Amino acid sequence: MSSAVLLLVVQWLSGTLVIILCIVKREEFSRQIDSKLGSSFSTVAFVIVVATCTILAMIATVPLAQLLCFHILLIKKGISTYDYIIALREQEEDQQEEVAGHQSPQMSIISSVTGFSTASSFGPLHRGSWCTPPRLFLEDQV
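These figures come from a predicted structure and were not determined experimentally.

Rules and cut-offs
Residues numbered from 1 in each chain as written. Predicted model: local features only at pLDDT ≥ 70, side-chain atom pairs only at ≥ 80, totals over all residues. Heavy atoms only, no water. Phe/Tyr/Trp six-rings, centres within 6.5 Å; stacked < 30°, edge-to-face > 60°. Helix = DSSP H or I, 4+ residues; strand = E, 2+ residues; numbered from the N terminus. Buried < 20%, exposed > 50% of the residue type's maximum accessible area, 1.4 Å probe, protein only. Patch = residues over 30% accessible without salt bridge, like charges linked within 9 Å, V, L, I, M, F, W, Y side chains within 5 Å. Areas by Shrake-Rupley, 256 points an atom, 1.4 Å probe, with all protein chains shown as cover. Salt bridge = Lys/Arg side-chain N within 4 Å of Asp/Glu carboxyl O. Axes fitted to C-alpha atoms, helices over the stretch in contact; angles between N-to-C directions. Parallel < 35°, antiparallel > 145°, perpendicular 65-115°, else oblique. Left-handed = near helix turned anticlockwise from the far one by under 90°. Nonpolar A, V, L, I, M, F, W, Y, C, P; charged D, E, K, R; others polar. Expected span 1.5 Å × (residues − 1). Contact = heavy atoms within 4.5 Å. Core = buried A, V, L, I, M, F, W, Y, C linked by side-chain atoms within 4.5 Å. UniProt positions renumbered as here; feature names shortened; annotations may be inferred.

With that settled, consider the packing of aromatic side chains. Using the criterion set out here, one finds two aromatic pairs in the structure. Where Phe29 meets Phe46, the ring centres are 6.5 Å apart and the plane angle is 35 degrees; that geometry is what we call tilted. Placement of Phe29 in helix α2 (residues 26–37) and of Phe46 in helix α3 (residues 43–77) is noted, with a sequence separation of 17 residues between them. As far as burial versus exposure is concerned, Phe29 and Phe46 are alike and both buried.

A surface patch of nonpolar side chains, amounting to about 310 Å² of accessible area, comprises Ile55, Leu56 and Ile59. Mapped onto the elements of the fold, Leu56 is located in helix α3.

It is worth spelling out the packing of helix α1 (residues 2–24) against α3 at this point. Packing of α1 against α3 leaves a shortest axis separation of 8 Å and a crossing angle of 155 degrees. Classified by the interaxial angle, the pair formed by α1 and α3 is roughly antiparallel. Both α1 and α3 take part in a crossing whose hand is left-handed. Residues belonging to the contact of α1 with α3 are distributed by class as follows: 19 nonpolar, seven polar and no charged.

Before going further, it helps to examine α3. Taking 1.5 Å of rise per residue, 35 residues should cover 51 Å, and α3 covers 51 Å from first to last C-alpha, within 8% of that figure. Every buried residue belonging to α3 is among Thr43, Phe46, Val50, Thr54, Ala57, Thr61, Leu68 and Leu74, and all of these are buried. At the C-terminal side of α3, Gly78 shows a positive phi close to 75 degrees.

This brings us to the environment of Thr81. Structurally, Thr81 is set in helix α4 (residues 81–100). Residue Thr81 is classed as partly exposed on the basis of its relative accessible area of 36%. Leaving out residues up to four positions away in the same chain, Thr81 has contacts with His71 and Leu74.

Attention now goes to the nonpolar core. By size, the foremost hydrophobic cluster in this structure holds six residues: Ile19, Cys22, Phe29, Ile33, Phe46 and Val50. At the level of secondary structure, the elements contributing two or more residues to this core comprise α1, α2 and α3. Residues within four places of Ile33 in sequence aside, it is in contact with Gly38, Phe41, Ser42, Thr43 and Phe46.

As a further point, take the UniProt feature "transmembrane region" (unreviewed entry) in the chain. The UniProt feature table records "transmembrane region" (unreviewed entry) at residues 6–24 and 44–65. Helix makes up 100% of residues 6–24 and strand 0%, whereas the separation of the span's terminal C-alpha atoms amounts to 27 Å.

Note that Val18 resides in helix α1. The exposure class of Val18 is partly exposed, given its relative accessible area of 27%. As a C-alpha pair, Val18 and Phe29 span 11 residues in sequence and 9.6 Å in three-dimensional space. When sequence neighbours within four positions are dropped, the list of residues in contact with Val18 reads Phe29, Phe46 and Val50.

Right under this line is the structure:
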């Protein structure tokens, strides 16, 4: 993941550099585009393609960097992704037991994909509970 984040950053930095150089040295780039890509491919089309790829790389960097930071945190805590998911389920069960006084239902396929429990997390008593970190991450903060 770290190499993918690094490659995305290099991609959008080089894309930005190419766009800047294309604007500054317009005639030279126009000749190079004509010689390498053919006369049917204009400078404007080249800039649009490079800008689109650069923007997509910038957008893709954000979630991948978040995922990398999350896994670095898991490594720091010495737990696996599976342990984290189990801790989230246990925390959700504990919260639902406190509120409802009974065992929470098993997670459905929809709730495992969306992150929302079958007992809605948008209710007044469970607001935001689906994104609350498990106790594993709160132990060092005390």
